[in-house]
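# Observations on the model geometry
Read off the chains here:
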Amino acid sequence: MNPLAEKLNSVLPAPILDALSKKGRTAFFPSAGILGQAAQARGRQINATIGIALEEDGAPMRLQGLDALFQIDGREAFPYAPSFGKPGLRDRWQSMLREKNPSLGKTALSRPVVTGALTHGLSVAGAMFLDPGESLIVPDLFWGNYRLIFEHAHGARLDTYPLFDEGGFNVAGLRARLFAEPPGKRVVLLNFPNNPTGYTCSPAEAKAICGVLVEAADAGCEVVALIDDAYFGLVYEDGVIEESIFTQLATAHERLLAVKIDGATKEDYAWGFRVGFITYASSSADETVLDALAQKTAGVVRGSISNASHLSQSLLLAAYDAPDYGAWKAEKYAVLAGRYHRMREVLAAHPEYAERFQPLPCNSGYFMCVRPLAGEAEAIRRHLLSKYDTGLIATAGLLRIAFSSVPTASIADLFANLYAAIGDVTD
Ligand SMILES: Cc1ncc(COP(=O)(O)O)c(C=O)c1O
């Protein structure tokens, strides 16, 4: 094992070290190699260490026409960003994370490491904590790409439990999965608002979820909670958690490591920017431990994408620093919330729809799902396309409706088409 990895491992408490995969254990940030030597040469009169091209005046080299396309200092876009991410952005994201989750208070958090958005963040977390053949506990309704990320790329196994139980989060199902095997490592993925259902749990459910994870940790399990907060902040009903469940898990137990995976993709409507973050917290993790985890994480980033887009990171940091940032966000939130409430109005105005489809619990996010009471989801989807010019996603016997992308004025037609299509298919 590389001595740098050994050094990082030496500061990790046993429950965290035991929870790492083989890759996670051998991961380190190569601070002593090219990057370390380049860091030592920074600011020198002649610095021939930088792996990019510079102009004669020392500015990053760039094509004139490309530079002219955007209004940002080329130095904030053309050179590489660090593998850890742009320092100012990491700090800004951490302070925003505290603002958005006030109950974190002064809880120790790692400095967020920037990833190539959430997909990459999830994959980096998979590399850190899952060996081939190991299990990832997820509800049965999950973002389909988890299969490619965790099963295909990391060889892990998705162990599912039914997401819903009597109209709410199935805490008993999660508990049964956690206790299905003798004590050992348990990697759990939580995603609120959920894709595909648009469900976020209530405060009581969040407390109960925390409770069963703590129970597993008390029983001797090393618990890693991967928290996919892709749709964080998009909550449209009262009685639903508004802060991330990360806040509760961050200090829940010394054998529980909370891993927050989030980013600008959906929170800031910047899907193509590819900027996400990984942040750690645990009651067994002080600053040294959190820094060791961040270094390992940056090592995995370095070995996969090297570093995330500098341009995207700089644009986001400029937006976060703008005085109107909060107002810009509120404006877009209002559009999505408006569509959600329109959807509720339409469903309430058409009790007959309940004869043909049943909406699943939904209170947040981009999506809602309905279960057709007759007919097969895929056949209904195809019929909706061909006869009603309406596109939905068929998944797990359900139809997923992305209300996030439907103009408010079309929402009534969407449900009318769905109702008619189910009738056609089952007549
Ligand atoms: C639950 C969930 N997690 C993660 C992602 C991936 O986000 P990103 O585009 O930042 O990789 C998505 C995207 O659809 C998602 O629905």
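Structure shown above.
Keep in mind the model is a prediction, meaning the values are calculated, not measured. (Residues numbered from 1 in each chain as written. Predicted model: local features only at pLDDT ≥ 70, side-chain atom pairs only at ≥ 80, totals over all residues. Heavy atoms only, no water.)

### Remarks on the sheet that holds strand S1 (residues 113-115)
- Strand order in the open sheet made by the seven strands is S1-S9-S8-S7-S6-S2-S3, with mixed pairing throughout. Looking at strand neighbours, the two that pair on one side only are S1 and strand S3 (157-161), the edges of this open sheet. Recorded for the sheet is a direction-independent mean angle of 25° between the axes of neighbouring strands.
- Bridging between strand S2 (residues 135-139) and strand S6 (residues 185-191) involves two bridges; their strand directions are parallel. By the bridge assignment for S6, Leu136 is matched with Val187.
- Along the sheet, helix H6 (residues 87-100) makes contact with S1, strand S8 (256-263) and strand S9 (276-281), crossing S8 at roughly 110°.
- Packing of helix H7 (residues 117-129) onto the sheet brings it into contact with S1, S6, strand S7 (222-228), S8 and S9, and relative to S8 it is tilted by some 160°. (Pairing = 2+ DSSP bridges. Helix = DSSP H or I, 4+ residues; strand = E, 2+ residues; numbered from the N terminus. Axes fitted to C-alpha atoms, helices over the stretch in contact; angles between N-to-C directions. Contact = heavy atoms within 4.5 Å.)

### What to know about the sheet that holds strand S10 (residues 357-359)
- Strand order in this open sheet of four strands is S10-S11-S13-S12, and the pairing throughout is antiparallel. The sheet is open, and its two borders are formed by S10 and strand S12 (393-395), each paired with just one other strand. The average undirected angle you get between the axes of adjacent strands in this sheet is 35°.
- Here three bridges tie S10 to strand S11 (residues 367-372), and the two strands are oriented antiparallel to one another. Residue Phe357 lies in a different strand from S11, and its bridge partner there is Pro372.

### Some details on the pattern of salt bridges
- The full count for this structure, using the stated rule, is 19 salt bridges.
- Of the charged contacts in the structure, one is a salt bridge between Arg157 and Glu181, with a shortest N-O distance of 3.9 Å. With Arg157 in strand S3 and Glu181 in the loop between helix H9 (171-178) and S6, this residue pair connects regions lying 24 residues apart in the sequence.
- Judged by its relative accessible area of 36%, Arg157 falls in the partly exposed class.
- Take Glu181: its relative accessible area is 47%, and that puts it in the partly exposed class.
- Between Asp262 and Lys260 there is a salt bridge, and its shortest N-O distance comes to 2.7 Å. Note on accessibility: Asp262 and Lys260 belong to one class, buried. (Salt bridge = Lys/Arg side-chain N within 4 Å of Asp/Glu carboxyl O. Buried < 20%, exposed > 50% of the residue type's maximum accessible area, 1.4 Å probe, protein only.)

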